[in-house]
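What follows is the residue order along each chain.
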Amino acid sequence: MSINPSNYRDPHRLLRHKASLLAQQSGPVPSPCISVCRMDSSSGWCTGCLRTLDEIVQWSRASDAEKRQIWLDLAQRAASTTPNNSL
């Protein structure tokens, strides 16, 4: 998947875009980690990738179908956050 992150000022917009592409593809599913690893205590989500601790821990053992579902969940979380309502 070739995406230029510099085209996205809002990292959660990029996350939503990647999720929509991954839903249409087969094969290995990349991690949503963007190396901004800090948990938000009010939401329970990583401020970078929006995953929960359980999703982060389970990622390496999850099937591709489970990983795609996590990506879809992340897209919904990202849609519920905005730059003014971000974590």
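Just above, that's the structure.
Residues numbered from 1 in each chain as written. Predicted model: local features only at pLDDT ≥ 70, side-chain atom pairs only at ≥ 80, totals over all residues. Heavy atoms only, no water.

### With respect to the packing of aromatic side chains
So, step 1. Taken as a whole and judged by the stated rule, the model has zero aromatic pairs.
So, step 2. Arg 51 extends its terminal NZ or CZ atom over the ring of Trp 59, reaching a point 5.3 Å from the ring centre. (Phe/Tyr/Trp six-rings, centres within 6.5 Å; stacked < 30°, edge-to-face > 60°. Lys NZ or Arg CZ within 6 Å of the ring centre and 35° of its normal.)

### Structural notes on the nonpolar core
Across soluble globular proteins, nonpolar side chains show a tendency to be buried alongside one another.
So, step 1. Counting residues in hydrophobic clusters, the biggest one holds twelve residues: Leu 15, Ala 19, Leu 22, Val 29, Trp 45, Leu 50, Trp 59, Ile 70, Trp 71, Leu 74, Ala 75 and Ala 78.
So, step 2. Contributions of two or more residues to this core are made by α1 (11–22) and α3 (64–79).
So, step 3. Not counting chain neighbours up to four residues away, the residues in contact with Val 29 comprise Leu 22, Trp 59, Asp 64, Lys 67, Arg 68 and Trp 71. (Core = buried A, V, L, I, M, F, W, Y, C linked by side-chain atoms within 4.5 Å. Buried < 20%, exposed > 50% of the residue type's maximum accessible area, 1.4 Å probe, protein only. Helix = DSSP H or I, 4+ residues; strand = E, 2+ residues; numbered from the N terminus. Contact = heavy atoms within 4.5 Å.)

### Examining unusual backbone geometry
So, step 1. At Ser 35, a residue that is not glycine, the phi angle is positive and equals roughly 60°.
So, step 2. Along the chain, the position of Ser 35 falls in the loop between α1 and α2 (53–58).
So, step 3. In this structure Ser 35 comes out as exposed when scored by relative accessible area, which is 64%.

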